[in-house]
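What the coordinates show
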Amino acid sequence: MSGEARIDKWLWAARVFKTRSLAADACKNGRVTIGGVNVKPSHTVKAGETVSVRKPPITYSFKILQPIEQRVGAKMLPQVYENVTPQEQYELLEMTRISGFVNRARGTGRPTKKERRSLDAFIGPSLGGFDDADDWDDDE
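Residue positions within a chain follow its written sequence, with the count starting from 1. Thresholds applied to this predicted model are a pLDDT of at least 70 for local features of residues and 80 or more for the giving and counting of side-chain atom pairs; totals over whole chains, interfaces and linings are not thresholded and use all residues. Only hydrogens and water are removed before side-chain values are computed, so all heavy atoms of the structure are retained for them.

This part takes up the overall build of the protein chain. Within the protein chain one finds five helices and seven strands. Numbered from the N terminus, helices here are DSSP runs of H or I no shorter than four residues, and strands are runs of E no shorter than two. Listing the helices and strands of the protein chain from first to last along the sequence gives β-α-α-β-β-β-β-β-α-β-α-α. A simple rule labels every residue: compare its accessible area, found with a 1.4 Å probe on the protein chains alone, to the largest value its type can have, and call it buried under 20%, exposed over 50%, or partly exposed in between. Put simply, the protein chain has 140 residues, and 26% of those count as buried. Long-range pairs, those at least 24 residues apart, make up 46% of the contacts in the protein chain between residues at least 6 apart in sequence. It only takes one pair of heavy atoms within 4.5 Å for two residues to be counted as in contact.

The next thing to look at is the side chain of Ser52. Turning to its location among the elements, Ser52 is positioned in strand β5 (residues 50-55). When residues no more than four places from it in sequence are discounted, the contact partners of Ser52 are Arg31, Val32, Thr33, Thr59, Tyr60 and Ser61.

Each aromatic ring pair is specified by the distance between its two centres and by the angle formed by the two planes. Within 6.5 Å between ring centres, the rings of Phe, Tyr and Trp (the latter by its six-membered ring) count as paired, and their orientation is classed by plane angle as stacked under 30 degrees, edge-to-face over 60, tilted in between. Counted by the stated rule, this structure contains four aromatic pairs. Ring geometry for Tyr60 and Phe62: centres 6.3 Å apart, planes at 10°, overall stacked. Centre to centre, the rings of Tyr60 and Tyr90 are 6.4 Å apart; their planes meet at 70°, and the pair counts as edge-to-face. Of the two residues, Tyr60 is situated in strand β6 (residues 58-64) and Tyr90 in helix α4 (residues 87-98); the sequence distance between them amounts to 30 residues. A relative accessible area of 21% places Tyr60 in the partly exposed class. Linked through ring pairs, Trp10, Tyr60, Phe62, Tyr81 and Tyr90 together constitute an aromatic cluster. A ring is scored as having a charge over it whenever the NZ atom of a lysine or the CZ atom of an arginine sits within 6 Å of its centre and within 35 degrees of its normal. Over the ring of Phe17 we find Lys55, and its NZ or CZ is 4.7 Å from the ring centre.

Function-wise, these values are silent; they only describe arrangement.
Right under this line is the structure:
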């Protein structure tokens, strides 16, 4: 295998992104960094470099072991990169997964009925509307 590869091809070949165009878009939008510097899709990477990929809500970090440009099977991935993502990032992902229905991303539309019920159960009746008709006195 060659000694270097394009970052967009490597991200696709290492199965970080499903398609090469998604990998290139991530580079163009500043979600892929090497050493804290945003990289273009055509940036070449070498073995030993650490690539950070921001996929909200967390940032994954990979140490490149082999700079490949041909996609490999999932069983081959331990030979291609080493996952050096800090444990705090995975804890952040778990916290987001637990409370994910509360913080909806802007533009994702209205909640489904199931999400709405979960949201109402989470918020509780004390913050609800005028469900307690006994609280009102019409005699006054």
